[in-house]
Amino acid sequence: MPAIPPKARVVIIGGGISGCSVAFHLAKLGWTDIVLLERKQLTSGTTWHAAGLIGQLRASQNMTRLAKYSADLYARLEAETGLATGFRACGSMTVALTAERREELLRQAALARAFGIEVNELSPAEVRDLYPHLNIAGVTAGVHLPADGQADPGNIALALAKGARSRGAQILEGVKVTRVTQAGGHVTGVDWQMGAERGHIACDAVVNCGGMWGRDLAAQNGVTLPLQACEHFYIVTETIPGLTQLPVLRVPDECAYYKEDAGKILLGAFEPRAKPWGMAGIPEEFCFDQLPEDIEHFAPILEQAVARMPMLETAGIHTFFNGPESFTPDDRYYLGEAPGLGGYWVAAGYNSIGIVSSGGAGMALAQWMTDGAPPFDLWEVDIRRAQPFQRNRRYLRERVSETLGLLYADHFPWRQMATSRGIRRSPLHEHLKARGAVFGEMAGWERANWFANPGQPPEYRYSWQRQNWFENQRAEHMALRDGIGLLDMTSFGKIRVEGRDAAPFLQSLCGNDIDVAPGRIVYTQMLNAKGGIECDLTVTRLSETAFLLVVPGATLQRDLSWLRRHLGAAFVTVTDVTSAEAVIAVMGPRARDLMARVSPDDFSNAGHPFGLAKDIEIGMGLGRAHRISYVGELGWELYIPTDQAAHVFETLIEAGEPLGLKLCGLHAMDSCRIEKAYRHFGHDITDEDHVLEAGLGFAVKPAKGDFLGREAVLRKQETGLTRRLMQVLLDDPAPLLFHNEPILRDGRIVGQLSSGNYGHALRGAVGLGYVPCRADESPAEMLASSYAIDVAGQIVTARASLAPLYDPTSGRLRG
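Rules of the game
Residues numbered from 1 in each chain as written. Predicted model: local features only at pLDDT ≥ 70, side-chain atom pairs only at ≥ 80, totals over all residues. Heavy atoms only, no water. Helix = DSSP H or I, 4+ residues; strand = E, 2+ residues; numbered from the N terminus. Rg over C-alpha atoms; globule rule 2.2 N^0.38 Å. Buried < 20%, exposed > 50% of the residue type's maximum accessible area, 1.4 Å probe, protein only. Contact = heavy atoms within 4.5 Å. Areas by Shrake-Rupley, 256 points an atom, 1.4 Å probe, with all protein chains shown as cover. 1 Å grid on protein atoms, 1.4 Å probe; cavity = no way out; pocket = protein on both sides within 12 Å on 5 of 7 lines; lining within 4 Å. Points joined across faces, edges and corners; volume = space filled by probe spheres on them. Pairing = 2+ DSSP bridges. Axes fitted to C-alpha atoms, helices over the stretch in contact; angles between N-to-C directions. Parallel < 35°, antiparallel > 145°, perpendicular 65-115°, else oblique. Left-handed = near helix turned anticlockwise from the far one by under 90°. Nonpolar A, V, L, I, M, F, W, Y, C, P; charged D, E, K, R; others polar. Salt bridge = Lys/Arg side-chain N within 4 Å of Asp/Glu carboxyl O. Polar contact = N/O pair within 3.5 Å; in protein donor to acceptor, adjacent residues only side chain to side chain. Phe/Tyr/Trp six-rings, centres within 6.5 Å; stacked < 30°, edge-to-face > 60°. Lys NZ or Arg CZ within 6 Å of the ring centre and 35° of its normal. Expected span 1.5 Å × (residues − 1). Bend = angle between axes of the 7 residues up to and from the residue.

1. Some details on the overall build of the chain
Check the secondary structure of the chain and you find 18 helices and 39 strands. At 27 Å, the chain has a C-alpha radius of gyration in line with the 28 Å of a compact globule built from 815 residues. Its C-alpha atoms give the chain principal-axis dimensions of about 80 × 65 × 55 Å. By residue count, 62% of the 815 residues in the chain fall in the buried class. If you take every contact in the chain between residues at least 6 apart in sequence, the share linking residues at least 24 apart comes to 72%. Accessible area for the chain stands at about 29,800 Å²; split by element, carbon and sulfur atoms hold 51% of it.

2. Re empty space enclosed by the protein
Tallied over the full model, the rule gives three cavities of 30 Å³ or more. Approximately 110 Å³ is the volume found for the largest cavity. As for the largest cavity, its lining consists of 14 residues, and the residues nearest its centre are W414, W469, F470, L736 and F738. For the lining of the largest cavity, the secondary structure elements donating two or more residues are α11 (470-482) and β36 (748-759).

3. Quick word on the sheet that holds strand β23 (residues 485-488)
The sheet built from six strands is open, its strands ordered β30-β31-β32-β29-β23-β33 with mixed pairing. If you trace the sheet from one side to the other, it starts and ends with β30 (613-618) and β33 (662-663), each paired once. Relative to strand β31 (residues 621-626), β30 runs antiparallel, the two sharing six bridges. Looking at the pairing, K614 lines up with A625 of β31. Here helix α14 (residues 591-598) sits on the sheet and contacts β29 (581-587), β30 and β32 (635-641); the angle it forms with β32, its principal contact strand, is near 35°. Each of β23, β29, β30, β31, β32 and β33 is contacted by helix α15 (residues 645-656), which is oriented at about 15° to β29, the strand it contacts most.

4. Here we look at helix α16 (residues 666-675)
Along α16, ten of the ten residues are buried, which leaves the element largely enclosed by surrounding structure. Among the residues of α16, L666, H667, A668, M669, D670, S671, C672, R673, I674 and E675 are the ones counted as buried. On the buried face of α16, the contacting elements are β22 (445-451), α11, β23, β34 (723-730), β36 and β37 (764-772).

5. Examining the packing of helix α1 (residues 17-28) against helix α8 (residues 354-371)
Relative orientation of the contacting elements α1 and α8 amounts to 40°, with a least axis distance of 8 Å. Comparing the axis directions of α1 and α8 gives the class oblique. The interaxial crossing formed by α1 with α8 has right-handed handedness. On α8, the residues that touch I17, S18, S21, V22, H25 and L26 of α1 are G354, I355, S358, G359, G362, M363, L365, A366 and M369. Looking at the contact of α1 with α8, its residues break down into eight nonpolar, seven polar and no charged.

6. Some thoughts on the pattern of salt bridges
In the structure shown here, the tally under the stated rule is 46 salt bridges. Between E254 and R308 there is a salt bridge whose closest N-O contact spans 3.0 Å. Here E254 is found in the loop between β14 (248-251) and β15 (256-261), whereas its partner R308 is found in helix α7 (residues 295-308), with 54 residues between them in sequence. Both residues of the pair, E254 and R308, belong to the buried class. Between E675 and R481 there is a salt bridge whose closest N-O contact spans 3.0 Å. Highlighted residues: E675 in helix α16 and R481 in helix α11, separated in sequence by 194 residues. This pair shows no difference in class: E675 is buried, exactly as R481 is. Bridged by salt links that share partners, the residues R101, E104, D253 and D410 form one connected network.

7. Some details on the sheet that holds strand β10 (residues 186-194)
The strand order β9-β10-β11 describes an open sheet built from three strands, whose pairing is antiparallel. The two strands at the open ends of the sheet, each matched to only one other strand, are β9 (176-183) and β11 (197-202). The average undirected angle you get between the axes of adjacent strands in this sheet is 25°.

8. Topic: the side chain of R624
Mapped onto the fold, R624 is located in strand β31. Of note is the side chain of R624, whose polar atom sits 2.9 Å from the side chain of H626. In this structure, R624 is in contact with L542, L548, E581, A613, K614, D615, I616, E637, L638 and Y639, ignoring residues within four places of it in sequence.

9. Some words on the environment of V516
Its place among the elements puts V516 in the loop between α12 (502-509) and β25 (521-527). Look at V516 and you get partly exposed, because its relative accessible area is 23%. Note: C-alpha distance between V516 and G52 (464 residues apart in sequence) is 57 Å. Apart from the residues within four sequence positions on either side, V516 is in contact with V522 and R541.

10. Looking at the environment of F681
Within the element layout of this structure, F681 appears in the loop between α16 and α17 (710-719). The exposure class of F681 is buried, given its relative accessible area of 9%. Remark: the alpha-carbon pair of F681 and V583, spanning 98 residues in sequence, is separated by 20 Å. Setting aside anything within four residues of it in sequence, one finds F681 in contact with I533, E534, C535, D536, P552, T555, R558 and T686.

11. Points about the packing of aromatic side chains
Following the criterion strictly, the structure yields 26 aromatic pairs and no others. Here W464 and F738 contribute two aromatic rings whose centre-to-centre distance is 5.7 Å and whose plane-to-plane angle is 65°, an arrangement assigned as edge-to-face. Of this pair, W464 sits in the loop between β22 and α11 while F738 is found in the loop between β34 and β35 (742-745), placing the two residues 274 residues apart along the sequence. Each of the two residues, W464 as well as F738, counts as buried. One aromatic cluster is present, built from ring pairs that chain together F412, W414, W450, Y460, Y462, W464, W469 and F738. In this structure, R9 packs its charged tip against the face of W31, placed 3.6 Å from the ring centre. In this arrangement the basic side chain of R723 is found over the ring face of Y770, its NZ or CZ atom lying 3.8 Å from the centre.

12. Some points on the pairing of β23
Side-chain direction in a regular strand flips from residue to residue, so the side chains alternate between the two faces of the sheet. What you see with β23 is no split at all: G485 and L487 on one side and L486 and D488 on the other are buried throughout. When β23 meets β29, the two strands line up antiparallel, connected through four bridges. Within the sheet, the bridge partner assigned to L487 lies in β29 and is A585. As paired elements, β23 and β33 share two bridges and run parallel to each other. Along β33, the bridge assignment pairs L486 with L663.

13. Some details on α8
Compared with an ideal rise of 1.5 Å per residue, which puts 18 residues at 26 Å, α8 spans 24 Å between its outermost C-alpha atoms and is within 8% of the ideal. Its axis deflected by about 25° at G360, α8 carries its strongest bend there. Counting buried positions along α8 yields 15 of 18 residues, so the element is predominantly enclosed.

Right, dumping it as structure tokens:
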């Protein structure tokens with residue numbers, strides 16, 4: 001074994017497929033002094049026993065892009081390295097046993113068409129033709145992806161390692177990283193141990209690819225990496241005579257997948273309730289190990305599988321396997337640089353799709369580390385979405401017992417997690433619960449999504465059709481449009497930026513001009529060097545040296561990281577003050593009437609114009625009223641000290657009852673915002689979306705002076721737009737839109753919706769999505785085309801608009 005170097009440019013921790021992929025791709029980009037340290041042997045953690053399924057279609061365009069990259073890489077890796085990867089494009093097929101699953105599969109097929117993936121929709125008879133061993137009793141439909149396949153995970157990892165070594169990377173086995181060292185908020189190196197020998201490698205960057213060991217290693221440095229190992233089961237049969245090559249088969253309604261390999265069948269399961277493993281730590285000697293058999297736990301899956309695949313009844317079982325795999329609280333892996341510790345990178349937590357994910361993830365992370373920015377929007381898997389509390393072990397144990405099973409559960413829209421709930425609550429939580437609130441969860445926050453009527457069960461009943469709360473949402477939506485509604489928006493992130501340099505600091509990051517008079521509220525974005533949107537927020541100037549930034553609750557950690565990353569020598573403090581104030585939104589045409597009943601302050605247009613925040617008396621307390629709205633109606637967001645929130649809520653309820661005040665949930669807020677074409681960060685706008693193409697040029701002021709992204713804005717103004725974010729309203733009021741439905745322009749797929757909901761005031765489903773255009777194409781030319789949306793294979797004509805279809809002049813908002 002070569003000597004362990006005293007310093008390196010980067011140290012990669014973990015020699016599974018993830019670590020090997022990162023090393024391979026960094027080396028391809030010309031990095032030198034790459035050191036990968038593996039505590040035992042390459043692939044000895046979880047890679048060696050993975051099933052090796054290569055399915056290219058993921059839930060979004062960029063996740064699909066990464067999966068397709070992996071498949072292409074594995075197909076050519078053998079020729080490049082001389083090591084067989086076992087990759088073969090045998091195709092994959094998923095079958096539905098219910099009408100709801102059929103709808104899901106048809107929507108997935110539409111998504112595949114939008115992403116340019118070859119897909120075939122199958123009748124039950126066609127399913128049997130493609131997989132003659134399958135009992136098709138109860139099968140309602142199937143979807144076939146011919147380019148999917150399977151591969152040998154261990155050999156892929158070894159081929160990646162060989163490719164990295166051939167480009168100069170050092171890969172050392174039997175060397176355990178005991179600690180990542182740090183100083184001044186940045187990584188300085190790693191301490192290592194090999195037998196009795198100990199040492200240190202100085203480096204500027206580490207990559208935690210430690211898999212199920214990664215959480216505890218990260219925690220030593222205060223880095224949140226919420227993942228937990230679960231037991232994952234499969235069996236391998238004896239050789240079955242006459243068995244020929246078959247596509248990978250998934251029967252999610254029976255929690256099962258089937259893979260033919262060398263004349264045998266591998267049957268694996270994602271059971272509804274999983275078994276977390278290693279809560280007390282992973283044994284030091286763990287290497288190529290498997291966990292104890294649990295036939296009783298696997299028996300219900302096997303029983304259904306024998307009925308579904310009758311040939312299994314006479315096939316002997318060669319192997320019963322139980323091995324650990326890492327799962328995360330939301331079934332998405334972690335990628336990127338950890339907030340709060342420069343140079344600490346992560347690629348871990350793959351939720352049993354590590355083989356198809358690691359090729360693309362390694363490529364994306366290597367590009368990110370090289371360029372200082374991701375190659376495209378990776379917010380879905382960004383480590384900055386993790387909340388600090390999520391590294392709590394009890395939380396993880398309960399949550400991952402659910403998330404493993406959710407891989408094969410129906411992926412219904414608005415599906416809420418059932419486990420690890422009630423952790424972060426608004427001070428209004430019990431008040432709302434007593435009045436019928438049905439809560440959803442976001443970043444640990446319990447948020448009232450809708451309100452049940454008296455006698456109506458306060459629970460979700462999921463479907464791809466109109467769910468049990470559809471009429472509740474309609475009533476809440478129309479109360480906001482025609483009367484008055486109250487929303488609890490406490491979960492939105494709140495950041496104070498203050499100090500001598502606060503104004504110039506924010507001017508350098510925000511596209512809009514925030515150097516305004518105290519009390520003014522400015523809607524703006526923070527941009528990256530490409531003009532992409534890193535943060536969508538409002539900035540309220542509280543004083544000459546203090547500002548309040550309000551951001552989406554899900555992006556708070558990301559936004560804090562972005563601000564702190566750019567502080568430099570500025571005399572500024574950045575503080576998360578989310579929990580200091582509750583936020584009660586009073587919205588609707590009668591909002592002014594209610595405010596006059598609870599406060600002696602002036603809420604007229606002259607006394608409190610749109611875009612202004614003022615300190616007010618309310619009830620017997622004090623608060624701050626922001627004249628701003630995310631639903632597009634007259635209203636105020638009331639910022640109330642947490643200790644006074646219950647009193648203010650009770651005051652509003654008592655005064656509002658004679659006016660018809662209605663409690664509203666965040667589902668109604670979302671349906672109102674999409675009618676008004678307000679953008680939603682993470683869906684409609686991301687760091688990949690140029691602010692001008694997102695239709696937000698009104699919030700950018702290049703004339704104010706220099707700011708991050710200004711040059712990209714000026715370039716785009718000069719060269720023209722290549723796509724525009726458009727709003728669509730379906731002509732047929734029956735179908736529903738969620739997101740990712742393909743957009744057709746003049747009969748040809750040109751993109752997909754970034755978000756969707758039902759517009760109750762517009763009386764139809766509404767969506768937002770980007771449509772490509774020529775740089776010299778006028779808005780009128782774009783609107784002259786005909787538009788339609790593919791809804792689960794049905795082409796539904798739509799009205800398209802570049803201006804909001806609801807209240808395009810914002811007269812109601814400013815009335």
